[in-house]
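So the chains spell out like this:
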Amino acid sequence: MSLQTVYQALYHVTVVYLPVVAAAVILAVAYHAKKQADIERPLKGFPLVGLEEEGLSPKDSWMKHGPRVMAKGLKAHQGAFQVMTGTGPKIMLPNRFTEEFRKNEVANLIQTQTRDNFAGWPGFDGMTFLSNHERVVVDAIRINLTQSMGAVTDSLVEETRLATPAVFGDEKEWQTISIKSRAGYYISRLSSRVFLGPELCRDPKWLEIAQSHTVNLFQASMAMRQGSSLRRLLTFWLNPLYKQLRSQVRDTRRIVQPVIEERKAEVRKALAAGGKPEKMTDLIGWMVAQARAVDMDYAAGQLGMSVVGIHTTTEALSQALVDLCQHPEVFQALREEIVREVKSEGWTRTTLPRMRLMDSFLKESQRMHPASAASVNRYLYGDVTLSDGTVLPKGSRIWIAGRFSDPDLYPEPETFDAYRFLKLRNEAGKSNKWQHTSMTPEHLGFGYGDHGCPGRFLASNELKIALCFLLLNYDWKLPDLQDNPTFIHFGIGNLLHPMCCLSYRRRKAEIEL
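Calculation rules
Residues numbered from 1 in each chain as written. Predicted model: local features only at pLDDT ≥ 70, side-chain atom pairs only at ≥ 80, totals over all residues. Heavy atoms only, no water. Helix = DSSP H or I, 4+ residues; strand = E, 2+ residues; numbered from the N terminus. Contact = heavy atoms within 4.5 Å. Domains from an automatic or database assignment. UniProt positions renumbered as here; feature names shortened; annotations may be inferred. Buried < 20%, exposed > 50% of the residue type's maximum accessible area, 1.4 Å probe, protein only. Axes fitted to C-alpha atoms, helices over the stretch in contact; angles between N-to-C directions. Parallel < 35°, antiparallel > 145°, perpendicular 65-115°, else oblique. Nonpolar A, V, L, I, M, F, W, Y, C, P; charged D, E, K, R; others polar. Pairing = 2+ DSSP bridges. pLDDT = per-residue confidence, 0-100. Phe/Tyr/Trp six-rings, centres within 6.5 Å; stacked < 30°, edge-to-face > 60°. Lys NZ or Arg CZ within 6 Å of the ring centre and 35° of its normal. Left-handed = near helix turned anticlockwise from the far one by under 90°.

1. Observations concerning the environment of alanine 333
Then step 1. Along the chain, alanine 333 turns up in helix H13 (residues 329-345).
Then step 2. As a C-alpha pair, alanine 333 and glutamate 52 span 281 residues in sequence and 49 Å in three-dimensional space.
Then step 3. If sequence neighbours within four positions are ignored, alanine 333 has contacts with Leu357 and Tyr419.

The structure is reproduced here in structure tokens:
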């Protein structure tokens, strides 16, 4: 075949087929853009609240001034209204409707969270797994993890004992660090002991992914919420952040897959023999057992758990340490409680529940810095009729306003009071209502009802164990810096600023933990 013949053939293919391919790509982009635009169109029949008087679109109003938009809507409307979030409209409900969603079977938590974080997009595979295999994850946590909480707590204590000096060192002079970054690595290791077992919880590559993937995913989610649907589609494959997410998914599969194959082999062997799998000791094993070792992307599931578990616990620990440094008078009382309870019986099943001041302190920290000013974030699989006659349509998403700063419920709500919930628990008949892990309409820190946070008991225990080691082994204070940012807000979310710094030094612990 002559060169001229090859050239003519290539020219023919280019002229005939390239326009067809280009047209197909344009149609696909246009279809996707229209589909996204339809999703992000306001709902009919619900007032849309924004700050149009300030020249802001409903979406910009929410992204830039979420708390003000929420307060404006609650003041102007006695019932439901809608706001335009970065992923489309959401219906906001006053807190009095909370109880109506305690056991509502058509209201789902996971589906709205995964949509907020772009399940189905490459690189967001962890959220995709949670969306597609919700029952496997929830049952593994609610059934297996809860039943194994005693053994899990023992593993956490052991890992914290090893991780604390490895992560924070033994330097007796004051040193200043970005607390969120250091706490993120610390919590990644502790949580990974429960999620993946001792094989991988100290693997440097996995720990780097477990910590940074969550940060990258939330940054990517924020960027995608702020742009138009067309811009989102066009920039997705070019932005280095999205490329990094996809790379981390591939690396996770490579690192975690050998452990997954071991767990699958164990479960399949037991099932083939007609028996039950031996009791697993980590979340990956529980997920495989719940799924009866069916092939699915369990590695992506670990990334999903990193996002919903490691991120929130890192925030809570970092915020708690900042609160302590802002209220140093609480240090001594907490240390005395830790020494008293651990010295009494060691690490038993009742040791952490007896730390009632620490429990109250953590709940107050959560009240002052809730992950979101609204909770009970739900996707509706069907129409829901409220007690006032309002019909919430199938396919819509809802929020219920929290009461974290309600002065009728919390006197002087702007004041941090570490003893607030301890005093409430001491009232007759209210000991259980105001525990850190309790879910009530008055405090929606862990959500509410059947779709409340299933991992809250693990998170609470992990936080308490971490604080025991960090408070007894180190002194903490705010550094003498001219500019040390603390809390930031986006929409109605609250986060500790990633550049917030604390100073610490090694101290002699009153007892060995």
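2. So, the domain arrangement of the chain
Then step 1. Structurally, the chain comprises domain 1 (1-40) and domain 2 (52-506).
Then step 2. The straight-line distance from the C-alpha centre of domain 1 to that of domain 2 is 45 Å.

3. Considering the UniProt feature "binding site: heme" (unreviewed entry) in the chain
Then step 1. The UniProt record annotates "binding site: heme" (unreviewed entry) at Cys453.
Then step 2. In this structure, cysteine 453 sits in the loop between helix H15 (420-425) and helix H16 (456-473).
Then step 3. A relative accessible area of 28% places cysteine 453 in the partly exposed class.
Then step 4. Excluding its chain neighbours within four sequence positions, the residues that come into contact with cysteine 453 are Met439 and Phe446.

4. Some points on the packing of helix H12 (residues 298-326) against helix H14 (residues 356-368)
Then step 1. Where H12 meets H14, the closest approach of the two axes is 10 Å, and the angle between their N-to-C directions is 100°. The pairing of H12 with H14 is recorded here as roughly perpendicular in orientation. The residues of H14 that touch H12, namely those facing Gln319, Ala320, Asp323 and Leu324, are Phe361, Leu362 and Ser365.
Then step 2. A per-class count over the contact of H12 with H14 returns 4 nonpolar, 2 polar and 1 charged.

5. Notes on the sheet that holds strand S2 (residues 88-93)
Then step 1. The strand order across the open sheet built from 5 strands is S1-S2-S8-S5-S3, with neighbouring strands paired in mixed fashion. Sheet topology places strand S1 (81-85) and strand S3 (107-108) at the edges, where each strand pairs with a single neighbour.
Then step 2. Bridge analysis of S1 against S2 gives 5 bridges, and the strand direction is antiparallel. Following the sheet pairing, valine 83 is matched in S2 by lysine 90.
Then step 3. Against the sheet, helix H3 (residues 109-116) contacts S2, S3, strand S5 (374-380) and strand S8 (397-401), and its axis sits at roughly 95° relative to S5.

6. Remarks on unusual backbone geometry
Then step 1. The residue arginine 292 is not glycine, and still its phi comes out positive at about 55°.
Then step 2. Looking at where arginine 292 falls in the secondary structure, it is placed in the loop between helix H11 (283-290) and H12.
Then step 3. One non-glycine residue, glutamate 412, lies in the positive phi region at around 50°.
Then step 4. Residue glutamate 412 is classed as exposed on the basis of its relative accessible area, which comes to 55%.

7. Looking at the confidence of the model for the chain
Then step 1. Looking at the chain as a whole, the pLDDT averages 90, with 91% of positions reaching at least 70.
Then step 2. Confidence drops under pLDDT 50 across residues 28-34; counting only partners more than four residues distant or on other chains, this segment forms 7 contacts.

8. Section: the packing of aromatic side chains
Then step 1. Taken as a whole and judged by the stated rule, the model has 17 aromatic pairs.
Then step 2. Ring centres 6.0 Å apart and planes at 65° place the aromatic pair phenylalanine 118 and phenylalanine 124 in the edge-to-face group.
Then step 3. Accessibility expressed as a relative area gives 5% for phenylalanine 118, which makes it buried.
Then step 4. Taking relative accessible area as the criterion, phenylalanine 124 reaches 0% and is therefore assigned buried.
Then step 5. Taking 5.0 Å as the distance between ring centres and 85° as the angle between the ring planes, the aromatic pair formed by phenylalanine 168 and tyrosine 186 counts as edge-to-face. One end of the pair, phenylalanine 168, is in helix H6 (residues 149-168); the other, tyrosine 186, is in helix H7 (residues 179-196), with 18 residues separating them in the sequence.
Then step 6. Taken together, Phe168, Tyr186, Tyr474, Trp476 and Tyr504 form an aromatic cluster joined through their ring pairs.
Then step 7. The ring of tryptophan 174 has lysine 477 sitting right over it, with the charged end atom 4.4 Å from the ring centre.
Then step 8. The ring of tyrosine 474 carries arginine 506 above its face, with NZ or CZ at 5.6 Å from the centroid.

9. Digging into the packing of helix H10 (residues 240-272) against H11
Then step 1. One way to put it is that H10 packs onto H11 with a least axis distance of 9 Å and a crossing angle of 45°. It follows that H10 is oblique to H11 by the angle criterion. Both H10 and H11 take part in a crossing whose hand is right-handed. Along its contact with H10, which presents Val259, Ile260, Arg263, Lys264 and Val267, the element H11 presents Ile284, Gly285, Val288 and Ala289.

10. With respect to the sheet that holds strand S9 (residues 474-477)
Then step 1. Strand order in the open sheet formed by 3 strands is S4-S12-S9, with antiparallel pairing between adjacent strands. Either end of the sheet is taken by a strand with one partner, and the two such strands are strand S4 (175-178) and S9. Pairs of neighbouring strands in the sheet enclose a mean axial angle of 35°, with direction left out of account.
Then step 2. Relative to strand S12 (residues 501-506), S9 is paired through 4 bridges, and the arrangement is antiparallel. Looking across to S12, one finds that aspartate 475 is bridged to arginine 505.
Then step 3. Strand contacts of H7: S4, S9 and S12, with the helix running at about 75° to S4, the strand carrying the most contacts.

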